[in-house]
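# Inside the fold
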Amino acid sequence: MDSLISKGNAIKPLNKKRKRGDTEKRTTKPPPSSDLTAASISRTTSLPKSLRPTSPPPGQASKHAHIKDLKLRTHLNRQASNAARAKALLRDAELLLTNDAGTIQVENELERTWRIGQKEIAEDVSLEAAKGRQEWKLDGGPYRSRYTRNGRHMAIVGKTGHVATFDWQTGTMHAELQLQETCRDITFLQDQSFFAVAQKKYAFIYDRDGVEIHRLKAHLEPTRLEFLPYHWLLVSVGNTGYLKYQDTSTGSLVVEHRTKLGACHTMTQNRHNAVIHLGHQNVRLLAHLGPVVGLSVDPSTGGRYMASSGADGTVKVWDCRNWKGVVREWTTRGGGAELEWSAKGALAVATGGSVNVYTKPSIQTSFAAKVPPPLYLTHPIPHRPLTSVRFCPFQDILTVGHNAGLSSILVPGSGEPNFDSAEADPFENKKARREREVKGLLDKIQPDMIALDPDFVGSLAPPPKLTTSANDKHEGKAEETEIDADADEVEDANEEDGIKSTNDKKSAGEREKKRMRGRGKSLKRHLRKHRKNVIDPTVVAIRAKLEKQREERRIAKEIERGAIEPKKPSALDCFRRS
């Protein structure tokens, strides 16, 4: 009976001790996982060795066996293993092709990405991304569109006066207007709360509900609008040829420039330095054989490249750093083209009845022949003319405005996947929008800081060339020579007028001896020659004082001769400025 109980793994009698070697190994089953999907693939799936947190360190990790201190040796070995593991992770990350993230990849060299249509792309992407493929059929075209900085809201305007703003992701309509007059362009201001419309005669500002807030009478017949978010400036150009900057935070007109080049129908901004690019019929930079109809600046390279299109049917890419010729040039079908760069450097060219998309680095590589670069994506649109192209920020969506409405197509890899919530947050709420608006007003950059090189903002000013420091002997000598020469000139003027200085207690001989010490007439003539165009406030004040004294002496002499009657004192003389 005792043997049966012992075999059943029960409690044995006290007189029989269990040996260690006779113990049976207990098999413990893993606890059931709550995630059924993970449990189903965990048996056949394993992470790479470099991604396992408890994986042994790679072989190239250095050992510190010569260190006797155990604690220090363990710490150094752990650091060496972590560094070696990080290098292995970096090698694995290079396999992910982060440079071409999200773009279409073909299996072999015989296949082409431009053969893939929008229907195939919409079927292969996620359901959320497929919502970007839309068609809006509207009356009152051709239409132009604009997105907010966070890419959440959209504004459209038709040539006949149809204006609408809405959240394109949820389909929520903010405002819809029928202005019953010609409208040429539209743009959001700091966010979706306000938008500006370039109408037939003036530019108007509306709030989110479509209520007219301002009528900008200074902006006559505007054709294009742009908003500089960091300077809070609304920029317009029109048929009058004036480029005007309006401060939307104060409501004042900052400046207006007369281009003297006639009407302008093309304008874009360089987001890197807030410089405005205009396209005219007779341009300063001879870019095309006809009028310039399209301009766009690449934001992915810090405003380094600019693309332009003309009525002659050519598209040219320029290097904004030197402007020494064209980087790339090719001819398109259908005449003038609308251009737009995406955040990742994809160039969309809308011309004729199709939209073509080109990617880097082919469009930024010098090529002598005037042949188009390799085509990445194309989409036919039969509704001519194609009047605008806009990439949606932080999305792989391109919106094309045409005569029958708008078309949104999917361009994989064109949008920036990572956003900065402090700059533009697609998921911001009402409170975050208010805080961002207040912070934007506090950080507003002054208009006079717009320059080709924006790096000078926040930098230290260079030291002045002329200084009064006693440590610099040479500059101190030069300034002393100039001051003495000015004093000599004033003394010469006093001697000509017969005035003797009351402050100078030295005799004329001593003053003459001091003046002639190393400062002859030749030096004075040299200094006077180089001081012809220099306006010194001290010399100007002394000359004005001398002129006033001469006038007083002349009046006194006239009164003595009886030619002029002395002026009678008045009770208001105490209020006269001296």
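As a starting point, this report considers the structure included with it. (Residues numbered from 1 in each chain as written. Predicted model: local features only at pLDDT ≥ 70, side-chain atom pairs only at ≥ 80, totals over all residues. Heavy atoms only, no water.)

### A closer look at the overall build of the protein chain
Helix and strand counts for the protein chain come out as 10 helices and 26 strands. Residue burial in the protein chain is summarised as follows: out of 578 residues, 36% are buried. Long-range pairs, those at least 24 residues apart, make up 46% of the contacts in the protein chain between residues at least 6 apart in sequence. Of the accessible surface of the protein chain, which amounts to about 37900 Å², a share of 54% is contributed by carbon and sulfur atoms. (Helix = DSSP H or I, 4+ residues; strand = E, 2+ residues; numbered from the N terminus. Buried < 20%, exposed > 50% of the residue type's maximum accessible area, 1.4 Å probe, protein only. Contact = heavy atoms within 4.5 Å. Areas by Shrake-Rupley, 256 points an atom, 1.4 Å probe, with all protein chains shown as cover.)

### Quick notes on a nonpolar patch on the surface
Together, Met449, Phe456 and Val457 make up a nonpolar patch on the protein surface, roughly 230 Å² of accessible area in all. Residue placement: Met449 occurs in the loop between helix 6 (430-442) and helix 7 (473-497). (Patch = residues over 30% accessible without salt bridge, like charges linked within 9 Å, V, L, I, M, F, W, Y side chains within 5 Å. Salt bridge = Lys/Arg side-chain N within 4 Å of Asp/Glu carboxyl O.)

### Some remarks on the pattern of salt bridges
All chains considered together, the criterion is met by 22 salt bridges. Residue Glu428 pairs with Arg436 through a salt bridge whose shortest N-O separation is 3.1 Å. A residue is classified by how much of its surface remains accessible, and Glu428, at 17% relative accessible area, is buried. The structure contains a network of salt bridges with shared partners spanning Asp191, Glu428, Arg433, Arg436 and Glu437.

### Some words on the sheet that holds strand 13 (residues 253-258)
Strands in a sheet are paired, the pairing made by backbone hydrogen bonds, and the direction either parallel or antiparallel. With antiparallel pairing, four strands are arranged side by side in an open sheet as 10-11-12-13. The sheet is open, and its two edges are formed by strand 10 (222-228) and strand 13, each paired on a single side. The sheet shows a mean angle of 15° between the axes of neighbouring strands, direction not considered. Here strand 11 (residues 233-238) runs beside strand 12 (residues 242-247); their pairing, made up of five bridges, is antiparallel. Within the sheet, the bridge partner assigned to Ser236 lies in strand 12 and is Lys244. (Pairing = 2+ DSSP bridges. Axes fitted to C-alpha atoms, helices over the stretch in contact; angles between N-to-C directions.)

### Things to note about the packing of aromatic side chains
Enumeration according to the criterion identifies six aromatic pairs in this entry. Taken together, the aromatic side chains of Phe195, Phe204 and Tyr206 make up a single cluster linked through ring pairs. The residue whose ring lies beneath Arg149 is Tyr230, and the NZ or CZ to ring-centre distance is 5.2 Å. (Phe/Tyr/Trp six-rings, centres within 6.5 Å; stacked < 30°, edge-to-face > 60°. Lys NZ or Arg CZ within 6 Å of the ring centre and 35° of its normal.)

### A closer look at the nonpolar core
A general feature of soluble globular proteins is that nonpolar side chains tend to end up buried together. Of all hydrophobic cores here, the largest spans 28 residues; its most connected members are Val357, Leu398 and Val411. Taken together, the elements giving at least two residues each to this core come down to strand 2 (143-147), strand 3 (153-158), strand 4 (162-167), strand 21 (347-351), strand 22 (354-358), strand 24 (388-391), strand 25 (397-402) and strand 26 (405-410). Leu398 has contacts with Ala348, Val355, Val357, Val389, Arg390, Phe391, Ser407, Ser408, Ile409 and Val411, leaving out every residue within four places of it along the chain. (Core = buried A, V, L, I, M, F, W, Y, C linked by side-chain atoms within 4.5 Å.)

### Regarding the pairing of strand 21
Of all five residues in strand 21, five are buried; the element is thus mostly enclosed. Alternating positions in strand 21 separate into two faces, Leu347, Val349 and Thr351 on one and Ala348 and Ala350 on the other, with burial throughout. Two strands pair when backbone bridges link them, and strand 20 (residues 338-341) and strand 21 are joined in this way by four bridges, in the antiparallel orientation. Among the inter-strand pairings, Glu338 is bridged to a residue of strand 21, identified as Ala350. Counting the residues that bridge the hairpin from strand 20 to strand 21 gives five residues, and of these Gly345 lies at a positive phi of roughly 95°. Judged from the five bridges that link them, strand 21 and strand 22 form a sheet pairing that is antiparallel.

### Quick notes on the pairing of strand 9 (residues 212-216)
Here strand 8 (residues 203-207) runs beside strand 9; their pairing, made up of four bridges, is antiparallel. Considered in strand 9, the bridge of Ala203 is made with Leu216. Counted between consecutive antiparallel strands, the loop separating strand 8 from strand 9 contains four residues, among which Gly210 sits at a positive phi close to 90°.

### Side note on the sheet that holds strand 22
The strand order across the open sheet built from four strands is 20-21-22-23, with neighbouring strands paired in antiparallel fashion. Strands with a single pairing partner mark the edges of an open sheet, and in this sheet they are strand 20 and strand 23 (377-380). Neighbour-to-neighbour, the strand axes of this sheet turn through a mean angle of 15°, independent of strand direction. Inspection of the sheet shows strand 22 paired to strand 23 by four bridges, in the antiparallel sense. Looking at the pairing, Ser354 lines up with Pro380 of strand 23.

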